[in-house]
Structure formats: C-alpha cells, structure tokens
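Tertiary structure, described
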Amino acid sequence: MKILIIEDEQALSKSIATYLAAENYTCEVAADCKTALDRIETFEYDCILLDISLPDGNGLQVLQALKRDNKTEGVIIISARDSIDDRIKGLQLGADDYLTKPFHLSELSARIAAVIRRRRFSGSNTLEVGGLLLDTQARTVKVKDQTVDLTRKEYDLLLYLVTNRNRVISKHAIAEHLSGDGEGLFDNYDFIYAHMKNLKKKLLQAGWEDQIKAVYGMGYKMDVP
Amino acid sequence: MKLLNKTVQYYFLLSVVLLLVAVPVFYFVLQRIVIANVDARLIATKTQLIPRLQVMENKQPLLDNDITLEKSGKPGAKDSLYTSDKGTYRLLTSYLVINQETYRLQIKSSLANHKALITSIIILQVLLLSLLLAGLLLINRSLARQVWKPFYNTLRKLRAYKVDQVEPLQLPHSKVNEFEELNTAVEQLAERSRKSYVAQKEFAENASHEMRTPLAIFQGKLELLMQTTPLTEEQATLITDMASASQRMARLNKGLILLTRIQNGQFPETEEVSIKKMALHLLDQYLQQIQQKELTLEQHWEEDLHVEANPTLVEVLLSNLLVNAIRHNLKGGQIIVKLATGALTVQNTGQLYALNANRLFQRFSKSSADAESMGLGLEIVKKICDLYQFEISYAYEHPFHAFHVIMKR
C-alpha cells in the first residue's frame, strides 16, 4: 500500500511515516504543492494525506487536480483549520475524510484503513487478523466461524485495535475514538476498562486466544504475529 | 440632573430674585416720586394762596375741604409736610401771620388716586416680568434642546456601540465646533478600541491555530515513544502524564477557537432546535459517565422547547452544562434536569459551598480543584447565551448548584 503524505511540517510527516510503516504502508512525503502535483501525476497511491495550508499554495488545488485527472485515490485532509466551511469545502472537492490537528496517529491510521477499505471496489470486506474475522460491511466478528455478539462500542474498539495492531494505543486515543468526534469531555477512562473487559470476555468465551494486553495503564496493544 | 435643566435652573433663580427685588424697589421709588410730586403741588398751592389770604377779609371763599385756616396760639413754626395717619392724605401745614394774628394753614391732597395708579403699575409690571420670565424659560429650554441635540445623538449612538461590531462608529456631523470635536474624538477612540479588539481577537485566533501543528507533532512523537522497546513502567507513567497534558492542551485550544469563532459570529446558520431532544441525546451519550459516578439522574420534561439557533452551539451549550454537572459532582450524587416555562435548569450536588457567581462566567476562573477542568466551559456557555439573548443565572441552594437558562419568555 502506498501513501502520499503532503505536509510541510517535516517532524509531523516523519512521525506519520514511522507510525504507518509498522502497517506495511509505504509512505512518500511531499512538502509543498508543486512536489505533490508532480507525484500524483506520476504515481498511483492508495491514500493521500493532505495538509491544506502549504507554503506554496492551498492544498485544495491538489484535490482539484485529482478530480480533473479522474484519479480515485482516497484523500484525508489533515488541517489545523476546522471550521465547518473548511470541512465542507474539502469534502465537496472529493476528500474522503477530514481530520483536525492535533490528532492521534492511531486515529489517523484507523481513518486511512477505513478509506482504503471503502475505496477497494473489488474484493471482500473482510479482515482476517490473528484468528479474528471481521466483516467491516456487516460489522460482525467471527472467531473460528462462530459469530461473537458485540455491542457497537465493543466492535468499534476491536476494529480500532485491529487496525492499529502491534502498536500501543493510548487510552486517550481510545477514549476520543469511542466517544465520537473529539468529544473527550471527560477525563475518566474507566469506561474504556469496562468496554475492554467485556470485549475480552466475549472473545475468550468464543475461544479466542487473548492477544490484547494493557501496557502499564498507558494504553493497550494487540499483538498479532 | 440634565445639563439643560441645570442652566435653566440658574436663569430661573436669577429671574425670581430680580423679580422679588425689583418689584418692591420699583414700588418705593414710584411712591417717592408721587409724594415729591404731590408735595410740590401743595407748596405751589400755598405760595399761590398766601398773598391772596393776606389781602382778603373774608377768607371763606378760598377755603374748601382741602384747605383749612384756623387761628393758632403758637407763633410761626416752620412748614411741615407729612402723610396722614391712614396714609390717604398728604398734608402741608404752614403758619402765617395775617394782621398780627398767627394762623395755621393746612392744605391736604388725597393720595388715593395715586395709590391706585401705583398698584396698577406694579401689577402690570409683575405680570410683564412674569411673562418675560416664562418666555425666557421656554425659549431657553427649546433652544437648549435644539443646541444639545447632536450631543444626545452622539450619546445614543455611543451607548448602542459594541466594540465587536464590524462597522466602525459613524457619528453625524455637527455645525457646532465643540460637538464636532467631541464626535471626532469619540470616533477615534471607538476606532482605536475596535482595532485593538480585532487585533487581540486575531491574535487569539492565530495563536490557537498556530499551536495546533506543534501540538500535533508533540502528540505524534509521544505515540511513537509509546512504541519504543524496551519500555519500563517508569517511562510509561511519564509518557501517560505527558499524553494527558497534551490532551488538555488540545482541548484548551479547541475551546479557545470555539470562543473566538462565536465572537466572530461564525455560526450564522440557525434552525429550529428541540432542547428536549438535544438534551436527551446528550444525556444518553453521557450515560456511561453518569453510571460510573453512581449519580441519580432526575428529569422533568414539562414541555418541549424549540429555539431558533445554531444546532452546534446549542449542543455545546447543553453539553457544557450537563458535563459540568457530571464532572463536578460527588460520587453517588444527584443531577436534576428540568425544562419548564421556557427555561432549562440543571442542578447538581457537588462541593458544599456556593461558587463565586461574579467570576463564574469568566475565562479561566477555575472554581473546583479538578485540575482537568479548563475554565473555558462556562465562558463559552455565557457567550452562546449572549448570542441568542438567553439569560443564564447561577444559584446555590443547598446542596444543589443550579444553572438556570431562560431561553424563551
């Protein structure tokens, strides 16, 4: 999978590239509009991360270029601006998602996975990871051909862990992901423990070998070989 | 007291004093003149009479009611002029010697006619002066009103002026130099404060936006740090604390941007929002937190309230109030949400003393020991209330902290 990161802040693009590398994504970085336009003309990507405020112009022109060339790359805008106008403009121009800085890398990774899944016309909607079979369309989970009955939050949590497998996800990121659009209004992470406990219990009952572990009260990690 | 009345008051006082002094003075002066006049006539009569009395044997024909002549024992004293006891006559008494006999000649002249004249003159004068005074007051008033009109216009405009409005303060031109100068000065002052307000607002906005990229970098690096191996528990604790701090910064940043956005009027779209529906939806979202704190939630929906507002802002308003009620509550405490007569009331148990109502809705006035509370929530609530002319108040009725938002009257 190839990902183009169009972002002028090197420190940030480097972080993103490093984090995503663990998922077997190949990341390329373009620090300005010109480079970005050159790249998208020559190469094909599975997903493009686009910062709108670039040193040599508005990132939206990259979106326009993609549209003009009938390219089907999935685009996620990562921007410091988050007014509704900005969002609508970006999404109208064909962006798939809009993520406001600051964001959690795990959240970005989950969004990328979702965009790629949606963009994949052919192929199945299933994800097979570590003995779990997730159907992202039907939002169901199977362990050894047996459907596990999960609540909406539990399924979201599992999918989040799966897309960020082999990496530690902070409890802050999980809390924000589960409580919707950046709603982290409470600084109480007890509800994550409760969801996690139930999820693990249900998966264990279905005969799954537990691969989710807590990391020193910092977060969780799903280890999949 | 109005400036107008103040000046008129002095005019009035002066006029009354003048009237009170002038009328008696005038009266006395007039009386003096009359008496002097009468005296002159009496003396003239006397000088005319004396030579004729000297030669006449029978003096009767010359005498009448006003002139009497009688013998007097006393030798010739000086002439005397005086007013009779009742003040109705002026008398001239003169002694003269006719044929070695001393006579006392008395000539009197009635003052009654003159008195009537003086009275009429005085009445006329008082009347005139009063009319003059009244006229003066009236003219002065209307003139002052006319003259001060630009001043009141300026005052009215100034009162309606808000520093956060987009268009600059425009005052009408005045032909009076003083007012023109005042208007110019006021306009300049307003423009200066508007500019500094805009600059401050832009600064807050830009600073908040500029902060986001470094925050994103910080947060990203922290997440990468979490992935490093080997990771000791000590390191993990440090990273968690940093992550919490960065989370707080992110939330603070979001709050600040929301505040500036409300102040910039960047939520112009409105639609009819059901308060009940929105509140129920939010309460459902927070159910987990409510259960976690073992709170009892009491709800009274006596009506459904529909307001014409921006749904995002209404959600922020309600969510801030409800989240506060949950966050600052005690374990096992109570929350009462009530919607009745056009107002929403959120009550919650919490610390056992009232919050400082004066500072409550100000930026960063933290009123609880909760380090995570960012102190922007209630200011945002207040700003949204101001925007839609909702009226918010706080009261502490033991053991409840109550926030009351009147949305419709």
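Residues numbered from 1 in each chain as written. Chains lettered and ligands numbered in written order. Predicted model: local features only at pLDDT ≥ 70, side-chain atom pairs only at ≥ 80, totals over all residues. Heavy atoms only, no water.

**Side note on the packing of aromatic side chains**
Residues and elements named next belong to chain B. Basically, it comes down to this: By convention, a stacked pair of Phe, Tyr or Trp rings (six-membered ring in the case of Trp) has centres within 6.5 Å and planes under 30 degrees apart, an edge-to-face pair has planes over 60 apart, and any other such pair is tilted. Secondary structure elements are defined from DSSP: runs of H or I of at least 4 residues count as helices, runs of E of at least 2 residues count as strands, and each element is numbered from the N terminus. Buried, partly exposed and exposed residues are distinguished by accessible area as a fraction of the type maximum, computed with a 1.4 Å probe on protein chains only: under 20%, between the cut-offs, and over 50%, respectively.
Under the counting rule described, the total for this entry stands at nine aromatic pairs over all chains. Arranged with centres 5.4 Å apart and planes meeting at 85°, the rings of Trp148 and Phe151 form a pair that is edge-to-face. Note that Trp148 and Phe151 are positioned in helix H2 (residues 112-160) at a spacing of three residues, about one turn of the helix. On the basis of relative accessible area, Trp148 is assigned to the partly exposed category, the value being 24%. Classification of Phe151 by relative accessible area gives partly exposed; the value is 27%. Centroid distance Phe151 to Phe179: 6.2 Å. Interplanar angle 35°. Geometry classified as tilted.

**So, unusual backbone geometry**
Residue Pro230 of chain B is bonded to the preceding Thr229 of chain B through a cis peptide linkage, with omega at -5°. Of note, Pro230 of chain B is situated in the loop between helix H3 (177-227) and helix H4 (233-263). In the segment running from His398 of chain B into Pro399 of chain B, the intervening peptide bond is cis, with an omega of 0°. Mapping Pro399 of chain B onto the fold places it in the loop between strand E10 (391-397) and strand E11 (400-406). A positive phi angle is found at Arg139 of chain A, which is not glycine, with a value near 55°. Mapped onto the fold, Arg139 of chain A is located in the loop between strand E9 (132-135) and strand E10 (140-143). The phi angle at Asn166 of chain A is positive, at roughly 65°, despite the residue not being glycine. Relative to the helices and strands, Asn166 of chain A is located in the loop between helix H6 (152-163) and strand E12 (168-170). Relative accessible area serves as the criterion here: at 35%, Asn166 of chain A is assigned to the partly exposed category.

**Thoughts on the sheet that holds strand E1 (residues 2-6) of chain A**
Residue and element names in this part refer to chain A. Put simply, the test is: Strand pairing is assigned whenever DSSP detects at least two bridges linking the two strands. To obtain an axis, a line is fitted to C-alpha atoms, over the contacting stretch when the element is a helix, and the angle between two such axes runs from 0 to 180 degrees between their N-to-C directions. Every residue pair with non-hydrogen atoms within 4.5 Å of one another is taken to be in contact.
With respect to topology, five strands assemble into an open sheet ordered E2-E1-E3-E6-E7, the strand pairing being parallel. Where the open sheet ends on each side, the last strands, each with one partner, are strand E2 (26-30) and strand E7 (97-100). Averaged over all adjacent pairs, the angle separating strand axes in this sheet is 20°, with direction ignored. Pairing geometry for strand E3 (residues 47-50) and strand E6 (residues 74-79), over four bridges, is parallel. By the bridge assignment, Leu49 is partnered in E6 with Ile76. Sheet strands touched by helix H1 (residues 10-21): E1, E2, E3 and E6. Its angle to E1, the strand with the most contacts, is close to 165°.

**Things to note about the interface of chain A and chain B**
We count it as follows: Defined here as a combined quantity, buried area equals the accessible surface (1.4 Å probe) lost by two parts on assembly, summed across both. Take a side-chain nitrogen of Lys or Arg and a carboxyl oxygen of Asp or Glu: if they are within 4 Å of each other, that pair is a salt bridge. Within 3.5 Å is the distance limit for a polar contact, defined as a pair of N or O atoms, with the added protein rule that one can donate a hydrogen and the other accept it, and that residues adjacent in sequence qualify only through two side-chain atoms.
Taken together, the 40 residues of chain A in the interface contact 37 residues of chain B. Summing the contributions of chain A and of chain B, the shared interface buries around 3600 Å²; its carbon and sulfur component is 56%. Viewed at the interface, chain B and chain A are joined by zero salt bridges. Viewed at the interface, chain B and chain A are joined by eleven residue pairs in polar contact (both at pLDDT 80 or more). Among the secondary structure elements, those contributing two or more residues to the side of chain A that touches chain B are H1, helix H5 (105-119), E12, helix H7 (171-178) and helix H8 (190-205) of chain A.

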